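The chain contents come next:
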Amino acid sequence: MIAREGFAVNHKKVRRIYTEEKLQVRRRGGRKRALGTRKPIVLPDGPNQRWSLDFVSDALTDGRRFRILAVVDDFSRENLVLVADTSLSGQRVARELDRVIAERGMPTTIVSDNGTEFTSMAILKWVQETGIDWHYIAPGKPQQNGFIESFNDKLRDECLNETLFGTLRDARKTLEEWQEDYNWRRPHSALGNLTPMEFLQRKAMDKMAA
């Protein structure tokens, strides 16, 4: 019991009266989020079957932080998106995915973690409209998204850790050049020491010859 300006408040009695009179205030539920699917996913055997995406963080020389949205085709290891900005919302993610889809077609599946942007209302709406199967990895299990994790390591080791960015414009230009090198000139041991673009060309020729 607590005294307040000349009178006492019995909190237990107040709670009992609220319960008896059904005066309890309903707690608001959590914000509706994209649920996606946790069903097992199979390895892709062609391009555009499965894309993986994630964010990578870095900083400019003045200390300002920025983020990079990275999207990879899991079959060819091709880097489809590498966009840097100080803020990348779920709506922006959807817009970048729309841009890539307009250029190369729609993927069957997209894989991501449970980050706020990837579980936002904007992504929920986008998934409903496109019908794409959005697969969320289990919390704390980055190895379930191994393709993008491997890409992130290469991006950090070969580009971000080796370069100082004075402005966001500098970062974008460097990332654009690194992306081109990664897709067209950098051989990948997982692709038989071919570049992603060479690998796609080889698969296309094999398909024509079959």
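Here we summarise the structure given alongside this text. For every chain, the first residue of its written sequence is number 1, and the numbers climb from 1 along that sequence. Restriction of local features to residues with pLDDT of at least 70 applies here, the model being predicted, together with a cutoff of 80 or more for giving and counting side-chain atom pairs; totals for whole chains, interfaces and linings are based on all residues. Side-chain numbers come from the whole structure's heavy atoms, not from hydrogens or water.

**Remarks on the packing of aromatic side chains**
Argument step 1. Within 6.5 Å between ring centres, the rings of Phe, Tyr and Trp (the latter by its six-membered ring) count as paired, and their orientation is classed by plane angle as stacked under 30 degrees, edge-to-face over 60, tilted in between. Here the structure, examined in full by the defined rule, presents nine aromatic pairs.
Argument step 2. Taking the centre distance of 6.3 Å and the plane angle of 45° together, the rings of Phe118 and Trp134 count as tilted. Of this pair, Phe118 sits in the loop between β6 (109-112) and α3 (121-130) while Trp134 sits in strand β7 (residues 133-136); the two residues are 16 residues apart in sequence, bridging distant segments of the chain.
Argument step 3. For the ring pair Phe151 and Tyr182, a centre distance of 5.0 Å and an interplane angle of 90° mean the geometry is edge-to-face. With Phe151 in helix α4 (residues 146-158) and Tyr182 in helix α5 (residues 168-184), the pair connects residues that are 31 residues apart, well separated along the chain. Strands here mean DSSP runs of E at least two residues long; helices mean DSSP runs of H or I at least four residues long; both are numbered from the N terminus.

**What about the packing of helix α2 (residues 90-104) against α3?**
Argument step 1. Interhelical geometry of α2 versus α3 gives an angle of 30° and a closest axis separation of 7 Å. Handedness of the crossing formed by α2 with α3: right-handed. Between α2 and α3, the contacting residues are Gly90, Gln91, Val93, Ala94, Leu97, Asp98 and Ile101 on the first element and Ala122, Ile123 and Trp126 on the second.
Argument step 2. Three classes are used, and their members are as follows: Ala, Val, Leu, Ile, Met, Phe, Trp, Tyr, Cys and Pro are nonpolar, Asp, Glu, Lys and Arg are charged, and the others, Gly among them, are polar. By residue class, the composition of the contact of α2 with α3 is seven nonpolar, two polar and one charged. Note on geometry: axes are lines fitted to C-alpha atoms, helical ones only across the stretch in contact, with angles between N-to-C directions running from 0 to 180 degrees. Left-handed describes a crossing whose near helix is turned anticlockwise from the far helix through less than a right angle; right-handed describes the clockwise counterpart. Note on contacts: a residue pair qualifies if any of its non-hydrogen atoms lie within 4.5 Å across the two residues.

**Things to note about the sheet that holds β7**
Argument step 1. Read across the open sheet, the five strands follow the order β5-β4-β3-β6-β7; overall the sheet is mixed. Each edge of the open sheet carries a strand with a single partner, namely β5 (79-85) and β7. Strand-to-strand twist of the sheet, defined as the mean angle between neighbouring strand axes without regard to direction, takes the value 20°.
Argument step 2. Packed onto the sheet, α4 meets β3 (50-59), β4 (65-73) and β5 and runs at close to 35° relative to β3. Here, strands pair whenever DSSP counts at least two bridges between them.

**Looking at the packing of α4 against α5**
Argument step 1. Viewed as axis vectors pointing N to C, α4 and α5 meet at an angle of 125°, and their least axial separation amounts to 12 Å. Classified by the angle between their axes, α4 and α5 sit oblique to one another. Of the two possible hands of crossing, α4 and α5 adopt the one that is right-handed. Side by side, α4 and α5 meet where Phe151, Lys154, Leu155 and Glu158 of the first sit next to Leu175, Trp178 and Tyr182 of the second.
Argument step 2. Within the contact of α4 with α5, the residues separate by chemical class into five nonpolar, no polar and two charged. With respect to orientation, any angle under 35 degrees is reported as roughly parallel, any angle over 145 as roughly antiparallel, any angle of 65 to 115 as roughly perpendicular, and every other angle as oblique.

**A look at the pairing of β5**
Argument step 1. To sort residues, take the accessible area from a 1.4 Å probe on protein chains only and compare it with the maximum for the residue type: under 20% means buried, over 50% means exposed, and anything in between is partly exposed. In terms of burial, β5 is largely enclosed, as seven of its seven residues are buried.
Argument step 2. Bridge count for β4 against β5 is six bridges, and the pairing is antiparallel. Pairing of Val72 across the sheet is with Asn79, part of β5.
Argument step 3. Two successive antiparallel strands, β4 and β5, enclose a turn made up of five residues, where Arg77 displays a positive phi of approximately 65°.

**Some thoughts on the side chain of Asp74**
Argument step 1. Checked against the element boundaries, Asp74 lands in the loop between β4 and β5.
Argument step 2. A relative accessible area of 1% means that Asp74 is categorised as buried.
Argument step 3. Polar contacts involving the side chain of Asp74 include one to the side chain of Arg50, which spans 2.6 Å.
Argument step 4. Here Ser52 takes part through its side chain, which lies 2.8 Å from a polar atom of the side chain of Asp74.
Argument step 5. Setting aside residues up to four positions removed in sequence, Asp74 forms contacts with Pro44, Arg50, Trp51, Ser52 and Phe147. In protein, a polar contact requires one atom able to donate a hydrogen and another able to accept it; more generally it is a pair of N or O atoms within 3.5 Å, and residues adjacent in sequence count only if both atoms are side-chain atoms.

**Topic: the nonpolar core**
Argument step 1. Residues Leu69, Trp126 and Trp134 are the most contacted members of the largest nonpolar core, which totals 22 residues.
Argument step 2. Listing elements by their share of this core, those giving two or more residues are β3, β4, β5, α2, α3 and β7.
Argument step 3. At five residues, the largest contribution of residues to this core is made by α2.
Argument step 4. Core analysis: the second largest hydrophobic core is formed by 19 residues, Val56, Phe66, Leu82 and Ile148 among them. For the purposes of this section, nonpolar cores are sets of buried Ala, Val, Leu, Ile, Met, Phe, Trp, Tyr and Cys residues that join through side-chain atoms within 4.5 Å.

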